[in-house]
Amino acid sequence: MRETSRLDKFKQLLAGPNTDLDELRKLSWSGIPKSVRPMTWKLLSGYLPANVDRRPATLQRKQKEYFAFIEHYYNSRNDEAHQDTYRQIHIDIPRMSPEALILQPKVTEIFERILFIWAIRHPASGYVQGINDLVTPFFVVFICEYIDQEDVDGVDVSSVPAEVLRNIEADTYWCMSKLLDGIQDNYTFAQPGIQMKVKMLEELVSRIDERVHRHLDGHEVRYLQFAFRWMNNLLMRELPLRCTIRLWDTYQSEPEGFSHFHLYVCAAFLVRWRRQILEERDFQELLLFLQNLPTAHWDDQDVSLLLAEAYRLKFAFADAPNHYKK
Amino acid sequence: MAKQYDVLFRLLLIGDSGVGKTCLLCRFTDNEFHSSHISTIGVDFKMKTIEVDGIKVRIQIWDTAGQERYQTITKQYYRRAQGIFLVYDISSERSYQHIMKWVSDVDEYAPEGVQKILIGNKADEEQKRQVGREQGQQLAKEYGMDFYETSACTNLNIKESFTRLTELVLQAHRKELDGLRTRAGNELALAELEEEEGKPEGPANSSKTCWC
């Protein structure tokens, strides 16, 4: 069966002795089987080395390093210099989704520590709402190595030993840090990365679907009004968690997946709703629709179609000069 | 076809993160309450049509993220607001202290003549109260604002405060409204008014009839 042979290929690549990362990216682009996803994500994100023999030592070293950060920084969370950061994290986490996962006290604490440590170590941006969402996919993927749970929204960590949970926390921290390294200007003062990407999205859509673009423009809908969140939260607020995980298989296989390729995914995502958009003839209905897109039933298939379209757009429009536009 | 509304307003909710802005709004527009509402990113949008003094008013409500980092984005929405809710949480002294900062942002970025009211939310959390009712009243008086203690949870003063701000905006635009009344039934005039109202930002601010 095709799926079995794909899984075998993954296993073969991961077994080493040196994983060919280019091959792994190619294979991962169209989705990673669940059983090999934790290891594959750790490799694709650059957290673990391609050489199999070096992996255990690297893991141990990085985990130790993270625990040292906690020792060093976490007690300062109520100091005057850091209390605003901690307070914001502390009020945001219980407001995340999926609630059933986040509200488990052990999970809440893990997220608080990860985010606080990251914020303290990245003072240029500090903690910005939305960064919290980016912890979830890593945490859920890594924990699913230890629990058998089909539905990612209903993960229960109570059966996971404390020691394992600690290591997952460290792995999550490092993988999230790697991701954020590539999009930090989304979260620095005035959020220049987001402002620029929203402008680029507008420019891109005007070239790929002029009618949709003119329709939005004609009804005074501004891209910033709906696409700000698409950039700030990498579409996580618009898609179910299982779809985000599938999306990230590809983002981690693409060069600059979370920054550059994400733009094309956003463009494909917007145009995906062209029929409904063109039917709405009122600013308010348009904006309500765009801020509440009906994706609750989406599955891997929908994400794969979206990604295929984004890939096509990337090639058709990437560095194409503006002569596409009349 | 009966027209859906006579006039259209833009209201804005501002205040510290976690004071309950989104909860106020959801209670008002959908009569729903969730204690752990997902945090707002950037600016969210809702609308509702209410009737005040026989006038059907459609209100567009912009719900902003409270975290400071978002203010470059959220301030862009001040300019087109006709009414602003300044919200603090009665169980957070800090959010009350920050109202001063929010007021100065309004002074700087919102149009002159914008109507404001002060809201002390989470009034149901009496045992956690850090800000006295009279403190809220005092502050509102200093700034010349109306004041309500509200609870999205128990549905206290939600409709009242939204209606009040709407009335204030209507009063502030009485001149334009009188024009509207005398031309009542004249769809074209109404449409023109709406059209005028919906124009993009720009030098149109100087126009006396423009509500932007």
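Residues numbered from 1 in each chain as written. Chains lettered and ligands numbered in written order. Predicted model: local features only at pLDDT ≥ 70, side-chain atom pairs only at ≥ 80, totals over all residues. Heavy atoms only, no water.

Looking up chain B in an unreviewed UniProt entry gives the name small monomeric GTPase, with the organism given as Mesocricetus auratus. The heading Catalytic activity (unreviewed entry) in the UniProt record of chain B holds the text "GTP + H2O = GDP + phosphate + H(+)". (UniProt positions renumbered as here; feature names shortened; annotations may be inferred.)

As annotated in an unreviewed UniProt entry, chain A is TBC1 domain family member 22A isoform X4 from Mesocricetus auratus.

Further remarks concern the overall build of chain B. A tally of regular secondary structure across chain B gives eight helices and six strands. Per-residue burial over chain B gives 54% buried out of 212 residues. For chain B, the share of sequence-separated contacts (at least 6 apart) that also reach a separation of at least 24 residues comes to 72%. A total accessible area of about 9,600 Å² is found for chain B, and carbon and sulfur atoms account for 46% of it. (Helix = DSSP H or I, 4+ residues; strand = E, 2+ residues; numbered from the N terminus. Buried < 20%, exposed > 50% of the residue type's maximum accessible area, 1.4 Å probe, protein only. Contact = heavy atoms within 4.5 Å. Areas by Shrake-Rupley, 256 points an atom, 1.4 Å probe, with all protein chains shown as cover.)

Attention shifts here to the side chain of Ser 91 of chain B. Residue and element names in this part refer to chain B. The residue Ser 91 is located in the loop between strand S4 (83-89) and helix H3 (93-97) in this model. For Ser 91, a relative accessible area of 16% puts it in the buried group. For Ser 91, the side chain forms a polar contact with the side chain of Asp 89, separated by 2.7 Å. (Polar contact = N/O pair within 3.5 Å; in protein donor to acceptor, adjacent residues only side chain to side chain.)

A ring pair, where both rings are aromatic, is described by two values, the distance of the centres and the angle of the planes. Residue and element names in this part refer to chain A. Across all of its chains, the model carries 36 aromatic pairs over all chains by this definition. Geometrically, the ring pair formed by Phe 138 and Phe 142 is tilted, given 6.2 Å between the ring centres and 35° between the ring planes. Of the two residues, Phe 138 and Phe 142 both sit in helix H8 (residues 135-143), four residues apart, roughly one turn of that helix. Residue classification places Phe 138 among the buried residues on the basis of a relative accessible area of 0%. Judged by centre distance (6.0 Å) and plane angle (80°), the ring pair of Trp 273 and Phe 289 falls under edge-to-face. (Phe/Tyr/Trp six-rings, centres within 6.5 Å; stacked < 30°, edge-to-face > 60°.)

Let us look at the packing of H8 of chain A against helix H13 (residues 241-251) of chain A. Residue and element names in this part refer to chain A. Two numbers describe how H8 lies on H13: the axes approach to 10 Å, and their chain directions differ by 90°. Regarding the angle of H8 to H13, the classification is roughly perpendicular. Residues Thr 136, Pro 137, Phe 138, Val 140 and Val 141 of H8 touch H13, and the partners they reach there are Leu 241, Thr 244, Ile 245 and Trp 248. Taken together, the residues of the contact of H8 with H13 break down into seven nonpolar, two polar and no charged. (Axes fitted to C-alpha atoms, helices over the stretch in contact; angles between N-to-C directions. Parallel < 35°, antiparallel > 145°, perpendicular 65-115°, else oblique. Nonpolar A, V, L, I, M, F, W, Y, C, P; charged D, E, K, R; others polar.)

Bringing empty space enclosed by the protein into the picture now. Picture a little ball the size of a water molecule; that probe, rolled over the atoms, points out where space is still empty. For the structure on display, the rule yields two cavities of 30 Å³ or more. Empty space within the largest cavity amounts to approximately 60 Å³. Surrounding the largest cavity, 13 residues form its lining, Gln 225, Phe 226, Arg 229 and Gln 291 of chain A together with Val 43 of chain B being those nearest its centre. Mapped onto the lining of the largest cavity, the elements with two or more residues apiece are helix H12 (223-232) and helix H16 (283-291) of chain A together with strand S2 (43-52) of chain B. (1 Å grid on protein atoms, 1.4 Å probe; cavity = no way out; pocket = protein on both sides within 12 Å on 5 of 7 lines; lining within 4 Å. Points joined across faces, edges and corners; volume = space filled by probe spheres on them.)

The next subject is the confidence of the model for chain B. Detail in the predicted coordinates should be disregarded across regions flagged by low pLDDT. Residue and element names in this part refer to chain B. In this model, chain B carries an average pLDDT of 85, and 83% of its residues clear a pLDDT of 70 or more. Note that pLDDT drops below 50 for residues 186-212; the model gives that stretch 45 contacts with residues more than four away or on any other chain. Scored as a whole, the predicted complex attains pTM 0.91, and scored at its interfaces, ipTM 0.89. (pLDDT = per-residue confidence, 0-100.)

This paragraph deals with the interface of chain B and chain A. In this complex, chain B contributes 32 residues to the contact, which on the side of chain A involves 36 residues. For the pairing of chain B and chain A, the buried interface totals around 2,900 Å² over both sides, and the portion due to carbon and sulfur atoms is 47%. Taken together, the links from chain B to chain A amount to two salt bridges. For Asp 84 of chain A, the salt bridge is made with Arg 94 of chain B, and the minimal N-O distance between the two is 2.8 Å. Taken together, the links from chain B to chain A amount to 14 residue pairs in polar contact (both at pLDDT 80 or more). Counting only elements with at least two residues in the side of chain B that touches chain A, the list comes to S2, strand S3 (55-64) and helix H2 (71-74) of chain B. Counting residues per element, the side of chain B that touches chain A draws most heavily on S2 of chain B, at five residues. Counted by class, the side of chain B that touches chain A contains 13 nonpolar, 12 polar and seven charged residues. (Buried area = accessible area lost by both parts, 1.4 Å probe. Salt bridge = Lys/Arg side-chain N within 4 Å of Asp/Glu carboxyl O.)

Our focus in this paragraph is the sheet that holds strand S6 (residues 146-149) of chain B. All names here are of chain B. Taken together, six strands build an open sheet; the order of strands is S2-S3-S1-S4-S5-S6 and the sheet is mixed. Strands at the two margins of the open sheet, each flanked by one partner only, are S2 and S6. Adjacent strand axes in the sheet meet at a mean angle of 25°, parallel and antiparallel pairs treated alike. Where S2 lies against S3, 10 bridges are found, and the strand directions are antiparallel. Within the sheet, the bridge partner assigned to Glu 51 lies in S3 and is Lys 56. (Pairing = 2+ DSSP bridges.)

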